[in-house]
Amino acid sequence: MATSVREKQTVALKRMLNFNTPPLKNAAAEPVWKVLIYDRFGQDIISPLLSVKELRDMGITLHLLLHSDRDPIPDVPAIYFLMPTEENIDRICQDLRSQLYESYFLNFISAISRSKLEDIASAALAANAVSQVTKVFDQYLNFITLEDDMFILCHQNKELISYHAINRADIQDTDMEAIMDTIVDSLFCFFVTLGAVPIIRCPRGNAAEMVAVKLDKKLRENLRDARNSLFTGDSMTAGQFSFQRPLLVLADRNMDMATPLHHTWTYQALIHDVLDFHLNRVMMEEGGGTDPSHAGARPKKKTKKTYDLTAADKFWQKHKGSPFPEVAESVQEELDAYRAQEDEVKRLKSIMGLDGEDEGAISMLSDNTAKLTSAVSSLPELLEKKRLIDLHTNVATAVLDHIKSRKLDVYFEYEEKLMSKSTIDKSLLDIIGDPDAGTPEDKMRLFLIYYITAQQVPSESDLEQYRKALLDADCDLSPLNYIKQWKAFTKMASGPANYGNSGVKPMGLFSRVMNTGSQFVMEGVKNLGLKQHNLPVTRIVDNLMEMKSQPETDDYRYFDPKMLRGSESSIPRNKNPFQEAIVFVVGGGNYIEYQNLVDYAKSKPGRKVVYGCSELFNAAQFMKQLSQLGQK
């Protein structure tokens, strides 16, 4: 089966760091020492994939930002990895003039234009450094992979292609073109790295359609140019795709506005919702408050800690999609298992320390030596285990504090009921009016979900009542102004999104493990599990992958960049279900949808689904964009 995009992008990076030749097989050979110069874009692409240690193993002694003050290191080759922007090109020319390095390997994240190449060439001539510019490569790596099956377009300047940017009322056509070109450029890079030409499906009449038309054109032009096509030659012959091409489903954020505002209940999505989580790294403040043991002690200074949640972390891989209570329970179990192992090592040590006279001790010694040897050899493993347990204990505790202080379980349960249109046992006004339940933002999110999912728009008098309650709770009402326009507009276009019969199953009380002697005091938090249900995005993917005929996807456009004439038909050529799909949400995505797609793919053996989005925002960041749109 094809390797994941994450692996392919990593291989491409390693190849680049090895001067664009495949890394040597014999690891004994000393790597060539070199410097890596990147811009912020390059840094964001590399950091989720390669650790500093891995870079060092590849011979990278220094990695520096392009626009920092760098000292000349005359006898070292430098590998540049950056976007072909004006200022970056100027800076490269300056480096050439200052003769900073022995040789220059220029790698552009996205294709460089002819005119900019000429700028570099003339600077190299002027600096008499032509022979030192060894290679110039277009890498086509302009996207960031966060998981085996998840990618985003960029982290720097993401506001340029955000939901707000695409949906501004006063947007000019030229701006819109530029945004679409940026998105298409990244998607093009994605497929070059994947080594496959997709079949594209998209809805009509929105930003997703514009992306589809442009991407189809770009892929088509590249395939036409047989000599320089990026999709032929060695990358394709490796037979990465069995016979079948992947399906690219382009979706628009506007088809489902409730999910990004939803309070979630799975581990990864919760971390993203309540903590500061970017590019697989959690930033947390630790050690606030006073130490209770010393009366009148000075409050401790808060330190910022960062934790990387990586693919190598088995616990994370296993539990990132689990409901939170399950995660807390698993962390506790891991901790108990670890303590038992630690005690075993301690016990052996104490036995070994006994005096030799004791008859029993001598006989025990011989079989304990073997035990101790194995215990000592497993120490590094134990320490790594301990580090991961501590990491998840800290992260999960931080998440739990938010759940308890903001009653997030209540919100989650209530919103699931709204979204699945099941009976509501408590009035909205009660939650909005409860001073202990959540922040003003939580209340606003709940109300917006109610407003978005309501079959009938609430009457003016009802709205007035809600408005007053929300204002009393210090909510900013500008997102509502925008959602109102949005709802009126979508109503003309299509019916409300259907969230399937989602819902929550209460799991009864926490198991005994959790109540006694646990790190996590879960009292008062509901133990909620999740029923498998499909969000709108997942339903669309399911219809298109399985070739089901459903009204919501029947008029989706169909593009096949490999067909000679661009036939504008929405009639799919092949009738077989797809094995692989890439879903890309124009306007931003979230971990809730990602998790839902992961669960969907698990339930369908042999199917692979990759989730991508133009930016990854949590509810707070999305609300901010909505309120900017609502203030116009």
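Residues numbered from 1 in each chain as written. Predicted model: local features only at pLDDT ≥ 70, side-chain atom pairs only at ≥ 80, totals over all residues. Heavy atoms only, no water.

**Q** In this structure, what is going on with the overall build of the protein? I would like to understand it.
**A** Helix and strand counts for the protein come out as 23 helices and 17 strands. Evaluated residue by residue, the protein yields a buried proportion of 51% over its 632 residues. In the protein, the proportion of contacts linking residues at least 24 apart, taken out of those at least 6 apart, comes to 78%. (Helix = DSSP H or I, 4+ residues; strand = E, 2+ residues; numbered from the N terminus. Buried < 20%, exposed > 50% of the residue type's maximum accessible area, 1.4 Å probe, protein only. Contact = heavy atoms within 4.5 Å.)

**Q** Teacher, can you tell me more about the nonpolar core here?
**A** Core analysis: the largest hydrophobic core is formed by 116 residues, its most contacted members being Ile183, Leu250 and Ile271. Here Ile183 is in contact with Leu153, Ile161, Ile166, Val211, Phe584, Val586 and Ser614, once residues within four sequence places are set aside. Counting residues in each nonpolar core, the second largest holds 37 residues, with Tyr163, Tyr411, Met419 and Ile452 among its members. (Core = buried A, V, L, I, M, F, W, Y, C linked by side-chain atoms within 4.5 Å.)

**Q** Can you walk me through the confidence of the model for the protein in this structure?
**A** On average, residues of the protein carry a pLDDT of 83, and 82% of them reach 70 or more. Here residues 289-297 is a poorly scored stretch, pLDDT under 50, and it has seven contacts once near neighbours within four places are set aside; other chains count. (pLDDT = per-residue confidence, 0-100.)

**Q** I'm lost on a negative patch on the surface in this one. Help?
**A** A contiguous patch of negative charge, built from Glu86, Glu87, Asp90 and Asp119, is present on the exposed surface. Of all the elements, helix H4 (residues 86-98) adds the most residues to the negative patch, at three residues. Tracing the backbone shows Asp90 in helix H4. (Patch = residues over 30% accessible without salt bridge, like charges linked within 9 Å, V, L, I, M, F, W, Y side chains within 5 Å. Areas by Shrake-Rupley, 256 points an atom, 1.4 Å probe, with all protein chains shown as cover. Salt bridge = Lys/Arg side-chain N within 4 Å of Asp/Glu carboxyl O. Lys, Arg positive; Asp, Glu negative; His and termini not counted. Charge placed at Lys NZ, Arg CZ, Asp CG, Glu CD.)

**Q** Sorry, what's going on with the packing of aromatic side chains here?
**A** The description of an aromatic ring pair uses the distance of the two centres, along with the angle that the planes make with each other. Counted according to the given criterion, the structure contains 24 aromatic pairs. Between Tyr267 and Phe324, the ring centres sit 6.4 Å apart and the planes meet at 45°, which makes this aromatic pair tilted. Here Tyr267 is found in helix H10 (residues 267-274), whereas its partner Phe324 is found in helix H12 (residues 324-352), with 57 residues between them in sequence. Neither Tyr267 nor Phe324 differs from the other in exposure class; each is buried. Ring plane angle 75° and centroid distance 6.4 Å describe the contact between Phe277 and Trp316, whose orientation is recorded as edge-to-face. With Phe277 in strand E10 (residues 276-278) and Trp316 in helix H11 (residues 314-319), this pair connects stretches of sequence that are 39 residues apart. Taking the relative accessible area as the measure of exposure, Phe277 reaches 4% and is therefore buried. Each residue in the set Tyr267, Phe277, Trp316, Phe324, Tyr591, Tyr594 and Tyr611 is aromatic and connected to the rest through ring pairs, giving one cluster. (Phe/Tyr/Trp six-rings, centres within 6.5 Å; stacked < 30°, edge-to-face > 60°.)

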